[in-house]
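Coordinate inspection notes
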Amino acid sequence: MASIARINTLGQVQYPPARPVAKYPVVISAAAVLVLASVWLPDALYYALSPLGGEYDMTVALWLMIICLPLITVLTASAGSVLWARNRHVGEYGHLNDALGARATVLAAACAVVEHIALYAVIIAAMVTVAVAQWPVLHQARRPISVALALVLALPSVLGMRRLTRVGAIVTAVGAAVLSFLTGALMGSTPYFRTTTTTEELTNLSQQVSQQSESFWQIILALLGAFTIALTPALLVRYVNLDLRAFAAPRSRYGAITTMAMVLAGSGLIILTLINIGDVEAERFISRHGALISAARWLHLPSWVLTAIVLILLSIAVVAARTVLHDGAQLNRELAYGHMLPHSDTKDTYVASAVPWYAVAAATLVAVAGSRVEYVLPALVISGFGSFALTRLASWRYWNQQLRVEGHSQRRKSMKKARLLALIGFAISSLVVVAFALSDLTRAAWLAVAAISVLYVILYAVRRYYLTYGTSTVEEPIEVTKIPANVHYLVVAPTVGPLVERTAQWVKAAHPASAELVHLDQGGDDAEEVLQQWRERGLELPMTLLAANGSHQGDALIDHIRRLRRSRKRTVINVVIPCVIFSRPIHSLLHNREVEYLQRRCQREDGVMVTIVPWLADAKDESRQ
């Protein structure tokens, strides 16, 4: 018999022993975002260090990543204090409003949205970079390919197709194994790593900087930019923690532990990749774009092996893109809960409305930035670490408030540790934002600032409307004489089949004051066929045939409703629309567009209500209808 959670006298929850991860496929497939960084991060670091002249950039990139590893670890550990504080909500805004206020909350939300868009654009640019490195003929079509990929990868989410997390987990695991094997093979294939140390090159670089030559500030800015880019793995693991249901209880602690293990493994893979690419480049010239694939060519692998490696990397990118889109949808749901976006009633309508905007925005960013990772990455760094700084600051203030009222010594120790980690995370994140602002590598940084500013204005306006006006202010008291006298049921009947027959029976069971069937004539013999079906089924409700009199056949229905309203001013028209529910989204998209159109048109009319009668197309018994 499974044990249940118990609450002791100290007010702490005691959970039964459990595994840290409850849903392994979800966590492993989310790790694709971090695994893919080993493909595009070397190119971005080399580009940032290009002012060094190409003589020391390989060595500096490696040592920067090694130096930044403790900072990445601390940043990841600081996520634990944020996760622990978000005890009521799915995302990172459960405590931010109370700790920092509405303006900081909206700013953090704008940063998070831009971060998701920028990461999606980075993944698309990385896919194009890998493909161009293997097939140079695609170089001239980088931008259109990037835009097409951004839109096509979003289609499954728009159509409501389920994520195959088990397949994504397998692809991620295989891809990580291939990258590890590839970097190991590179290390064993070159003699340079075994005969030369990199400390001498660092000494030469420090001497060059200490001379304060004309390129002094250029070198400093290059180092600052590369330093901020080297910390980006800390941003990528947050996509694992957006849905804490993937972890066993206590979720916040296990989420932090799992994230820490993932970032150490991912950063280690990136460091190995940098060692081996630098090793090969020290011996031979390698192209700066697609450095991993270019270095792999010196292994003299057969062309089909390189093609297989490229396809595996592209598969990892697809999994990462689906993860970012899914987590972006989770973020939008959380922002809607915080009154910063319009509310959505169902998950399906929510995803359908959120994902296209992410895809279009990412496609625009990739097209403007030239579909290169190094041009898109500044938007990710500024927005991501800006969001990091605000959430860590909110967590620090949250634990300050909790410590004022907490008396238990053991919990006070845990809270102080969480507060210290949050403060260190805030300091590092703020340092990264300032350093990158000083370096100002590309125009994409200013593009991110502009996007955050525009989103801030929009989200703040939506939030102000919800909190200031709400929905009740548009409602006015009605007079007694305006109460409806009766309800007239108007059943839309495209055909007279089992669905319409069942709908008519339900309408009769409601004992309406009046009711009728309405058919919109499609032309030809349509009206005669519907009348014949109506006579054969013997329905007691009268049938009204409407001829099309406008640009759309729904106009005839609206005109009929308005005539009824003019003749019966105190009668409410209840438009009953039968609808077939399909298990496959593509079928619903093809069959129910007219239903959605009629529903929207009728809802805009005064004194009209709409009732949707569902019919499950794959149901086998009447109890499911």
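For clarity, every value in this text was computed on a predicted model and none was experimentally measured.

1. What about the environment of Leu 438?
Mapped onto the elements, Leu 438 comes out in helix H19 (residues 409-439). Leu 438 sits in the exposed class, given a relative accessible area of 56%. Spatially, the C-alpha atom of Leu 438 lies 10.0 Å from that of Ile 220, the residues being 218 residues apart in sequence. With near-sequence residues (within four places) excluded, Leu 438 lies in contact with Leu 221 and Leu 224.

2. Concerning the packing of aromatic side chains
A complete count under the given rule lists 3 aromatic pairs for this structure. On the numbers, 5.0 Å between centres and 75° between planes, the contact of Tyr 398 with Trp 399 is edge-to-face. Arranged with centres 5.9 Å apart and planes meeting at 15°, the rings of Tyr 456 and Tyr 460 form a pair that is stacked. In this pair, Tyr 456 and Tyr 460 are both assigned in helix H20 (residues 443-468), 4 residues apart and thus about one turn of the helix distant. A relative accessible area of 23% places Tyr 456 in the partly exposed class. Positioned above the aromatic ring of Phe 388, the side-chain terminus of Arg 392 is 4.0 Å from the ring centre.

3. With respect to the confidence of the model for the chain
A residue-level look at the chain finds 77% of positions with pLDDT of 70 or above and a mean pLDDT of 76. Element-level mean pLDDT values for the chain span from 36 in helix H9 (residues 192-195) up to 88 in strand S3 (residues 486-492). Low pLDDT, under 50, characterises residues 190-198; the stretch is placed with 14 contacts to residues that sit more than four places away or in other chains. Across residues 620-625, confidence stays below pLDDT 50; counting only partners more than four residues off in sequence or on other chains, it has 10 contacts.

4. Observations regarding helix H3 (residues 37-48)
Between its first and last C-alpha atoms H3 spans 16 Å; for 12 residues at 1.5 Å apiece the expected length is 16 Å, and the two agree. In terms of burial, H3 is largely enclosed, as 11 of its 12 residues are buried. Among the residues of H3, those classed as buried are Ala 37, Ser 38, Val 39, Trp 40, Leu 41, Pro 42, Asp 43, Ala 44, Leu 45, Tyr 46 and Ala 48.

5. A closer look at the packing of helix H23 (residues 554-567) against helix H25 (residues 593-603)
The interhelical angle for the contact between H23 and H25, taken along N-to-C directions, is 30°, at an axis separation of 10 Å. Considering their axes alone, H23 and H25 lie roughly parallel with respect to each other. The handedness of the crossing between H23 and H25 comes out as right-handed. Together, Gly 554, Asp 555, Leu 557, Ile 558 and Ile 561 of H23 and Tyr 597, Leu 598, Arg 601 and Cys 602 of H25 make up the contact between the two elements. Split by residue class, the contact of H23 with H25 holds 6 nonpolar, 1 polar and 2 charged.

6. Quick look at the nonpolar core
Trp 40 and Tyr 120 are the most contacted members of the largest nonpolar core, which has 111 residues in total. In terms of residue count, helix H6 (residues 102-134) provides more of this core than any other element does, 20 residues in total. The residues touching Tyr 120, leaving out its near neighbours within four places in the chain, are Leu 149, Ala 150, Leu 153, Ala 154, Ala 321, Val 324, Leu 325, Tyr 358, Ala 359 and Ala 362. Among the nonpolar cores identified, the runner-up in size contains 18 residues, and Leu 490, Val 492, Leu 546 and Cys 579 belong to it.

7. Structural notes on the sheet that holds strand S5 (residues 543-546)
Reading across from one edge, S5-S4-S3-S6-S7 is the order of the 5 strands in this open sheet, with parallel pairing throughout. Looking along the sheet, the strands with just one partner apiece sit at the ends: S5 and strand S7 (608-616). The average angle at which neighbouring strand axes cross in this sheet is 30°, direction not considered. Pairing of strand S6 (residues 571-581) with S7 involves 9 bridges; the strand directions are parallel. Residue pairing in the sheet places Val 576 in a bridge with Thr 611 of S7. Lying on the sheet, helix H21 (residues 498-509) is in contact with S3, strand S4 (514-520), S6 and S7; it crosses S6 at an angle near 145°. Strands S4 and S5 of the sheet are contacted by helix H22 (residues 526-537), whose axis makes an angle of about 170° with S5.

So, how was this worked out
Along each chain, numbering runs from 1 in the same order as the chain's sequence is written. Local features are withheld for residues below a pLDDT of 70 in this predicted model, meaning they are given only at 70 or higher, and side-chain atom pairs are given and counted only at 80 or more; totals for whole chains, interfaces and linings count all residues. Side-chain figures throughout are based on the complete set of non-hydrogen atoms in the structure, without hydrogens or water. The helix and strand labels rest on DSSP assignments: H or I over at least four residues marks a helix, E over at least two residues marks a strand, and numbering proceeds from the N terminus. Remark: exposure states derive from per-residue accessible area (1.4 Å probe, protein chains only) relative to the maximum for the residue type, with buried under 20%, exposed over 50%, and partly exposed in between. Throughout, a residue-residue contact means that at least one pair of heavy atoms, one from each residue, lies within 4.5 Å. A pair of Phe, Tyr and Trp rings is counted when the ring centres sit within 6.5 Å of each other, with Trp represented by its six-membered ring. The angle between the planes then sorts it: under 30 degrees is stacked, over 60 is edge-to-face, the rest tilted. By definition here, charges over rings are those cases where NZ of Lys or CZ of Arg is within 6 Å of the ring centre and within 35 degrees of the ring normal. The pLDDT score gives, residue by residue, the confidence of the prediction method on a 0 to 100 scale. A helix is expected to span 1.5 Å multiplied by its residue count minus one. Here, axes are lines fitted to C-alpha atoms. For helices the fit covers the stretch in contact, and angles between N-to-C directions go from 0 to 180 degrees. Should an angle lie under 35 degrees it is considered roughly parallel, over 145 roughly antiparallel, and from 65 to 115 roughly perpendicular; all remaining angles are considered oblique. Note: crossing handedness is left-handed where the near helix turns anticlockwise from the far helix by less than a right angle, and right-handed where it turns clockwise. Here the term charged refers only to Asp, Glu, Lys and Arg, the term nonpolar to Ala, Val, Leu, Ile, Met, Phe, Trp, Tyr, Cys and Pro, and the term polar to all other amino acids, Gly among them. Only buried Ala, Val, Leu, Ile, Met, Phe, Trp, Tyr and Cys residues count toward a nonpolar core, and they belong to the same one when joined by side-chain atoms within 4.5 Å. At least two DSSP bridges between two strands are needed for those strands to be called paired.

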